Amino acid sequence: MSITLLALAAAAGLTPDTAVGRWKTETRNGIVEIARCGQSLCGKLVGSDGITANPALKDANNKDVAQRGRTLKGIQMLSGFKWESDAWTGGTIYNAEDGKTYDAKITMTDANTLKLRGCIFVPLCKNQTWHRVR
């Protein structure tokens, strides 16, 4: 993160707990509730277009066949993030669309916007911007 972004984050009063809350994803109107899980950060899927249409929507694409019968609502999507001075790193994100889990990093840009980066391995990464649900 550049010195300018660090200065802006500090000026905005961003803390590790700024990420806690409900966030709207870029795709399918997903809503992920991020919370503290001990010293780390985790997040569960609490809503989406698919869940609205079918509350019993299953994790049908999971690479683990035994997990395909579980419902998507309430599934843990984010886990294992540790705070490192300006970002939540070392965590993973589960993508129900392809049934795979990716290494991830969460960076707060302001109190209502976060950047999530998920990688198969660097540089094969995808970025999303999530916005706080009020």
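Because the structure is predicted, anything quoted here is derived from the model rather than measured.

**Considering the state of the cysteines**
Reasoning step 1: Under the definition given, this model contains two disulfides.
Reasoning step 2: The residue that forms a disulfide with C37 is C42, at a sulfur-sulfur distance of 1.7 Å.
Reasoning step 3: Put simply, C119 and C125 are joined by a disulfide, and their sulfur atoms are 2.0 Å apart. Looking down the S-S bond of the C119 and C125 bridge, the torsion is 105°, so its handedness is right-handed.
Reasoning step 4: Cysteine pairing for the chain (bonded cysteines numbered in sequence order): 1-2, 3-4.

**Things to note about the sheet that holds strand 5 (residues 87-95)**
Reasoning step 1: Spatially, the eight strands close up into a barrel ordered 1-2-3-4-5-6-7-8, and their pairing is antiparallel. Strand after strand, the sheet turns through a mean of 30° between neighbouring axes, direction not considered.

**Let's talk about the pairing of strand 8 (residues 124-132)**
Reasoning step 1: As paired strands, strand 1 (residues 21-24) and strand 8 are joined by two bridges and run antiparallel to one another. Note that in strand 8 the partner of K24 across the bridge is H131.
Reasoning step 2: Here strand 7 (residues 113-121) hands over to strand 8 after two residues, the two strands then running antiparallel side by side.

**Observations concerning unusual backbone geometry**
Reasoning step 1: Geometrically, the link from V122 to P123 is a cis peptide bond, its omega value of 15° lying close to zero.
Reasoning step 2: Within the fold, P123 resides in the loop between strand 7 and strand 8.
Reasoning step 3: Backbone geometry places R28, a non-glycine residue, at a positive phi of 55°.
Reasoning step 4: One can find R28 in the loop between strand 1 and strand 2 (31-37).

**Describing the UniProt feature "domain: DUF2147" (unreviewed entry) in the chain**
Reasoning step 1: Mapped onto this numbering, the UniProt entry gives "domain: DUF2147" (unreviewed entry) at residues 21-132.
Reasoning step 2: Secondary structure content for residues 21-132 is 4% helix and 59% strand, while the C-alpha to C-alpha distance between its ends is 7 Å.

**A look at the nonpolar core**
Across soluble globular proteins, nonpolar side chains have a tendency to be buried as a group.
Reasoning step 1: Counting residues in each nonpolar core, the largest one holds 24 residues, and the members touching the most others are I34, L78, I106, L114 and W130.
Reasoning step 2: Of all the secondary structure elements, the ones that give two or more residues to this core are strand 2, strand 3 (40-47), strand 4 (76-84), strand 5, strand 6 (100-110) and strand 7.
Reasoning step 3: Take this core: its biggest share by element is four residues, from strand 6.
Reasoning step 4: Leave out the neighbours within four places in its chain, and I34 touches A19, V20, G21, W23, L41, C42, G43, L78, L114 and W130.

**Structural notes on the pairing of strand 5**
Reasoning step 1: Across five bridges, the pairing between strand 4 and strand 5 is antiparallel. The partner of L78 across the bridge, within strand 5, is I93.
Reasoning step 2: Two elements, strand 5 and strand 6, share six bridges in a ladder whose sense is antiparallel. Counterpart to G91 in the pairing with strand 6 is A104.
Reasoning step 3: The turn linking strand 5 back onto strand 6 is made up of four residues, and G99 within it adopts a positive phi angle of 70°.

About the thresholds
- For every chain, the first residue of the written sequence is number 1, and numbering continues from 1 onward in sequence order.
- Totals for whole chains, interfaces and linings use every residue, but because this is a predicted model, local features are given only for residues with pLDDT of at least 70 and side-chain atom pairs only at 80 or more, for both listing and counting.
- Excluding hydrogens and water, the side-chain figures rest on all heavy atoms present in the structure.
- Two cysteine sulfur atoms form a disulfide, by the criterion used here, when they sit within 2.5 Å.
- Strand pairing is assigned whenever DSSP identifies at least 2 bridges connecting the two strands.
- For helices the rule is a DSSP run of H or I covering at least 4 residues; for strands it is a run of E covering at least 2, with both sets numbered from the N terminus onward.
- Axes, fitted as lines to C-alpha atoms, cover a helix only where it is in contact. Angles between the N-to-C directions of the axes lie from 0 to 180 degrees.
- UniProt positions are given in the numbering used here, feature names are shortened, and annotations may be inferred rather than shown by experiment.
- For our purposes a nonpolar core is just a set of buried Ala, Val, Leu, Ile, Met, Phe, Trp, Tyr and Cys residues, chained together by side-chain atoms within 4.5 Å.
- Buried, partly exposed and exposed residues are distinguished by accessible area as a fraction of the type maximum, computed with a 1.4 Å probe on protein chains only: under 20%, between the cut-offs, and over 50%, respectively.
- Residue contacts are defined here by distance: any two heavy atoms, one from each residue, within 4.5 Å place the two residues in contact.

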